[in-house]
Amino acid sequence: MGSHLILSLIQGQKFQNCLIKTQILGQRFFFLIIFKMSCSLHVKIIEAKKLIKKSDLFVSLQLKSQGNNEIKKTLVIVDTKNPKWNQEFDFIASDPNDILRINMYEEGIDHDIKVMDELKFPVSTWEVGGPIDHQELSIKHKKKKAGKFIFEVQSFPLEPPKRQRRCKIKIN
């Protein structure tokens, strides 16, 4: 089988969690396998401090690639400038370029009102298998100081599904 035929069969093929690219240098060709590691993100929403006014507050989290029906939310903490949630959430990220989006809202009767500018983090921010990343961020709302937001994230590798293997043993 000629190298051009092999290249046309392999180039750009997507396999589970990897992409194969080829490059021709002179009469030699090379294969580059790019692995996209899926991971599990464990996010703990801890608290907010020194917010502008007392409100009934909750936090929403979502990966950009997920639909609106997959938004995760904390409980609503009522009538406070310093809400403490201490709630934990897990996400499966199949693409390291995906974005974790975090928002805080005041619960309203007709609709919820944003109380901070959206926080956005590429999933690749956190090393798979790395330590817990504790974040204490000064937050803004409409370019004005709005308080502090505290959360933690840790990224874990996804374990491949265990496959049952059948073995035949020959006994004499």
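This one's a predicted model, so the numbers in the text were calculated from it and none came from an experiment.

**Some words on the environment of lysine 72**
At step 1: Mapped onto the elements of the fold, lysine 72 is located in strand E6 (residues 72-73).
At step 2: With relative accessibility at 27%, the residue lysine 72 sits in the partly exposed group.
At step 3: A sequence separation of 18 residues divides lysine 72 from aspartate 90, and the C-alpha atoms of the two residues are 9.3 Å apart.
At step 4: A distance of 2.3 Å separates a polar atom in the side chain of lysine 72 from the backbone oxygen of aspartate 90.

**Describing the environment of serine 40**
At step 1: Within the secondary structure, serine 40 is located in strand E4 (residues 39-49).
At step 2: A relative accessible area of 15% means that serine 40 is categorised as buried.
At step 3: A sequence separation of 114 residues divides serine 40 from glutamine 154, and the C-alpha atoms of the two residues are 8.3 Å apart.
At step 4: Among residues more than four places away in sequence, those in contact with serine 40 are Asp90, Phe91, Ile92, Gln154, Ser155, Phe156 and Leu158.

**Considering the pairing of E4**
At step 1: With eight of eleven residues buried, E4 is to be regarded as a mostly interior element.
At step 2: Examined bridge by bridge, E4 and strand E8 (residues 84-93) share eight bridges and lie antiparallel to one another. Of the residues in E8, the one forming a bridge with leucine 41 is phenylalanine 91.
At step 3: Pairing of E4 with strand E13 (residues 144-157) involves ten bridges; the strand directions are antiparallel. Each bridged residue has a counterpart across the sheet, and for leucine 41 the counterpart in E13 is serine 155.

How each quantity is defined
Residues numbered from 1 in each chain as written. Predicted model: local features only at pLDDT ≥ 70, side-chain atom pairs only at ≥ 80, totals over all residues. Heavy atoms only, no water. Helix = DSSP H or I, 4+ residues; strand = E, 2+ residues; numbered from the N terminus. Buried < 20%, exposed > 50% of the residue type's maximum accessible area, 1.4 Å probe, protein only. Polar contact = N/O pair within 3.5 Å; in protein donor to acceptor, adjacent residues only side chain to side chain. Contact = heavy atoms within 4.5 Å. Pairing = 2+ DSSP bridges.

What is shown is where atoms sit, not what they do.
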